[in-house]
Every structure is written in structure tokens, then in C-alpha cells.
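Structural overview for review
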Amino acid sequence: MNVTRREFIQITGATAAGLAVSGLGIGLSPVKSHAQMLKTKYAKETSTICCYCAVGCGAIVHTSQKGDGRVINIEGDPDHIINKGSLCPKGAALSQLTENSNRLLDPMYRAPYAKEWKPVSWEWALSEIAKRIQETRDSSFQHKNEKKQIVNRAMGIASVGSAAMDNEECWIYQALMRALGLVYIEHQARI
Amino acid sequence: MSNSFFIDTTLCTACRACQVACKQWHDLPAEITQNRGTYENPPDVSFNTYKVVRMRENVIDGKLNWLFFPEQCRHCIEPPCQDIAGDENAIYTDAKTGAVIYTANTKYLNFEEIREACPYNIPRKSSDGTMAKCDMCNDRVHNGLLPACVQTCPTGAMNFGKREEMLDLAQKRLLEVKAKYPKAELIDPNDVRVIYLVAYEPTLYHEFAIASNAAFDMTRQVALRKIFRPLKNIASHLF
């Protein structure tokens, strides 16, 4: 028996018969209805602002209450005035900022002229960065300018900041850069 | 009282937030894909991808149009896949939400039969034969939340709610949209729980946007099962 798929979904005569029977008082109660538990049911909820663009959408972060505290889910905050629960594709993928097997977990170092990156310890990386910053800063530091005015500035380092930093992070960053004597400080402020 | 989606493709910008939110909520892995010369990616729905935004370039009345179609399971009111399966432990309709649900028992079904029966070419299987597709975020809906794709949609193209409300909204939008797009129509609104509003001929959006007219062989067994299904459901409550 050949029917088209279009006809097949439109065969509804039997449903009408079923309704007629239900008029006799025989309940057509659900054959199957599974109440399902949300994966976020026992999670801790924290509100946050999406780190990506200047719109500043609100999001809810669901984290596990059991020990590890990992992120279970991040979705738009329906109560947030800006986005009312919606998120763009980048925002909808926020949970992958932490939950992604492709994330780097160690600092990576590529020595001058080396072809490969290699993982190094945080201790080595931080002390190496501090050492090199100090070298550059000390060698390029100007105590006075040509007019003999005191300027105390580091001319050999510039900072191009992270667009993903929020207002408070930018303040700390700015304070650090000024303390080092930097004058070339640029930031693509978004949120 | 079951639910329905209303998807207004005239508002869709193909940002694919729905695709991402769907993967995110269901914890589905990414797929390794290749550049096929289109932003439409992954190339098709799969066991791990329940939702794909179709993008088609068409010249209509001498003007280039880029048509977007967020494709997913339509949660048919009389689902052919469920009728063909004939096993409530594998494919059933959640009477409370209207979601057509595939369980792990789908691996005992004949995949080709199920896929053939689908007017929209949606079911896909994994390597062990288990089938999967959009589940209407049944867990979220049971707990009073919107499906992930609807919640994330930034343009309002995706809507979800009580069927009557969605049908009203669809009719209202159809009237508005017709002023600009005289050929606008709703796709199979009386047969499915995912109602699309399109501005042009549905097949311009995607081959399977509208229920396929291709014939398939319905066995007598399946035909009988379909005809007697409501009676069988009643019987299961009497005994």
C-alpha cells in the first residue's frame, strides 16, 4: 500500500473516533508523560555578565554543589534588562570557557627560534615574565625628559589590554601598568 | 493541552544561537566538519546535532535572497515514526507536553523504516543503532522553562507555548508578513507542533522544509496500527 508521507501525517480520522469515545466518559488520560529532572536542579545559580561584547547580556551560571564546583550550564538570564534571557551563539557557548577539553591548563612557552610550544610550570613562567619585564623596564626607564623634568616612565613596554576584562579588572590592570611606569596603555573597553 | 513552536523565519538572522544552545543544554559534542563554501554547518542533522540552520541563496524576482530555516524535528501530531515503530518503549508522545520522544530502545528498531517514514527526514542514528533527534527539551518544558533554542533566540524568531496561543500568533504574523511577502505561508500548521512561517515557497528554504510528497510503502500492519492506535490507547487504560 503506497501512501505519500504527506498523506500519512494527515490521516486523522482515527483521532476523531477517539474523541467520540471520550464523550462516553472513558478518559483519554496520558499514556505516557514523564516528569523529568533538570540537570540544573541541585546546582548553585550565579548571575554574571557575558564577557564578549559591549551589549553586556546577563547570564546565569549553574555550578555543581558537589565538591568540584564545575560549570553544568550557562544560559541567558530571563530577568536581565538587556537580553531578557536571549544569548547570541558566542554567549550561548559561554560554558565552554571552562568546560572544554581543548582548553590549555598549563602555561605554554616557545623559546626564541624554537618551533614547538612546550608546557612549563606556573612558577617558572611567572618568575620568567617578572624577570624580563624588569630587565626591559630598567633598561628603558626615563627618570627625566629632555627638559630635565622628572617623568619616571618606562618607554620600552606597551600594553594592549584584554577586551574580555570587566571594569574592575581593568582598574587593577591599569594600577599595575601605571606602577611600572608605562605610558602606552591601550584597552579595547567593551563592558 | 500540548505545546507548539512557532518559528518566524522572516525574523531569523541565521546567527545559529539556537544550534549552539541546543548542543550546550544536551551536552552534545562538536562535529569535525570541512568548509563547504557555506556558513551552514554542520552539513546535516545527526545523532549529535538536533538542530541545523539551513541557509539557501535564491534569486527571486531578480534579487538575491538568503533564506534561513532553523531545521528541527516537527513533533508531528500523528507522528509517522511512532506509528511505524509501534513500540511505546522506543518512540512515544509525551501527552503532557506533546514532545515526540526517542528512548534508548530505538536501537532495536529498523532505522531505515523510521527515517523513510519521517516526512521531514529528521531521525538519525549512532554507530550502535540508537536514534536521536530534537526532544523539545522535554525536561525543561516539564519544569516550566522554555526549550533552550527558544530561550536563547535574540530576534524573537523562535517562539514556544500552548498550541492555541502559537497558532494565533502564527496567524497574526502571517497577516503582517503578507503585506511585504505576498507568497508567505505557514508550513503544515495542522499536522505538526513546529509551525514555520516562510516568506516564499517552502522548498526554496530546504528540500524537506514541507512534508515530502514522495511515496513510501506503508505495510498493512502499519496502516492498521495507525487506524486503531487511539482505541489501543483507551484499551490500555481499561485493563
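Residues numbered from 1 in each chain as written. Chains lettered and ligands numbered in written order. Predicted model: local features only at pLDDT ≥ 70, side-chain atom pairs only at ≥ 80, totals over all residues. Heavy atoms only, no water.

1. Remarks on the overall build of chain B
The number of helices and strands found in chain B is seven helices and 11 strands. Per-residue burial for chain B yields a buried fraction of 58% across its 239 residues. Put simply, 61% of the contacts in chain B that link residues at least 6 apart link residues at least 24 apart. (Helix = DSSP H or I, 4+ residues; strand = E, 2+ residues; numbered from the N terminus. Buried < 20%, exposed > 50% of the residue type's maximum accessible area, 1.4 Å probe, protein only. Contact = heavy atoms within 4.5 Å.)

2. Here's the deal with the pairing of strand S8 (residues 150–160) of chain A
Residues and elements named next belong to chain A. Here strand S7 (residues 141–144) pairs with S8 via three bridges, running antiparallel. Bridge pairing in S8 links Lys144 to Ile150. Where S8 and strand S9 (residues 182–186) come together, four bridges link them in parallel fashion. From the neighbouring strand, Ser159 faces S9, where its bridge partner is Ile185. In this fold, S8 hands off to helix H5 (residues 167–180), which returns the chain to S9; that crossover is right-handed. (Pairing = 2+ DSSP bridges. Right-handed = clockwise from strand over helix to strand, strands pointing away.)

3. Observations concerning the nonpolar core
Residue and element names in this part refer to chain B. Among the nonpolar cores identified, the biggest contains 41 residues, and Phe5 and Tyr205 are the most heavily contacted of them. If you list the elements that add at least two residues to this core, you get strand S1 (3–8), strand S2 (52–60), strand S3 (63–71), helix H5 (148–152), strand S8 (158–162), helix H6 (163–178), strand S9 (185–187) and strand S10 (194–198). Counting residues per element, this core draws most heavily on S10, which supplies five residues. Sequence-distant contacts of Tyr205, defined by excluding residues within four places in its chain, comprise Thr9, Arg54, Arg56, Leu67, Phe68, Phe69, Val198, Ala199 and Tyr200. (Core = buried A, V, L, I, M, F, W, Y, C linked by side-chain atoms within 4.5 Å.)

4. Side note on the sheet that holds strand S3 (residues 58–63) of chain A
All names here are of chain A. Spatially, three strands are ordered S2-S3-S4 in an open sheet, and the strand pairing comes out antiparallel. A strand with exactly one partner marks an edge of an open sheet, and here the two such strands are strand S2 (44–49) and strand S4 (71–76). Pairwise comparison of adjacent strand axes, ignoring direction, gives a mean angle of 25 degrees for this sheet. Pairing of S3 with S4, which is carried by five bridges, proceeds in the antiparallel orientation. Paired with Ile60 across the bridge in S4 is Glu75. (Axes fitted to C-alpha atoms, helices over the stretch in contact; angles between N-to-C directions.)

5. Describing the environment of Met55(B)
Residues and elements named next belong to chain B. Following the sequence through the fold, Met55 ends up in strand S2. Between the alpha carbons of Met55 and Tyr39 there is a distance of 7.5 Å; along the sequence they are 16 residues apart. Look past the residues within four positions of Met55 in its chain and what remains in contact with it is Ala14, Arg16, Tyr39, Glu40, Trp66, Leu67 and Phe68.

6. Some points on the packing of aromatic side chains
This structure, assessed with the given rule, holds seven aromatic pairs over all chains. Taken together, Tyr39(B), Trp66(B) and Phe68(B) form an aromatic cluster joined through their ring pairs. The ring of Trp117(A) carries the charged tip of Arg110(A) above its face, separated from the ring centre by 5.8 Å. (Phe/Tyr/Trp six-rings, centres within 6.5 Å; stacked < 30°, edge-to-face > 60°. Lys NZ or Arg CZ within 6 Å of the ring centre and 35° of its normal.)

7. Quick look at the domain arrangement of chain A
Along its sequence, chain A is carved into domain 1 (44–98) and domain 2 (108–190). Spacing between the C-alpha centres of domain 1 of chain A and domain 2 of chain A amounts to 31 Å. (Domains from an automatic or database assignment.)

8. Structural notes on the layout of surface pockets
Gaps left between atoms show up when a probe the size of a water molecule is rolled over them. By volume, the second largest pocket is sized at about 720 Å³. Lining the second largest pocket are 24 residues, with Gln96(A), Lys23(B), Leu28(B), Pro29(B) and Ala30(B) positioned closest to its centre. The element contributing the most residues to the lining of the second largest pocket is helix H1 (residues 17–26) of chain B, with four residues. Class assignment of the residues belonging to the lining of the second largest pocket gives a composition of 10 nonpolar, nine polar and five charged. (1 Å grid on protein atoms, 1.4 Å probe; cavity = no way out; pocket = protein on both sides within 12 Å on 5 of 7 lines; lining within 4 Å. Points joined across faces, edges and corners; volume = space filled by probe spheres on them. Nonpolar A, V, L, I, M, F, W, Y, C, P; charged D, E, K, R; others polar.)

9. Focus on the state of the cysteines
Residue and element names in this part refer to chain B. Per the stated rule, a full pass over the model turns up zero disulfides over all chains. The cysteine Cys18 is free of any disulfide, with Cys149 supplying the nearest cysteine sulfur at 6.4 Å. For Cys18, a relative accessible area of 8% translates into the label buried. For the unlinked cysteine Cys134, the closest cysteine sulfur is that of Cys73, found at 5.6 Å. (Disulfide = S-S within 2.5 Å.)

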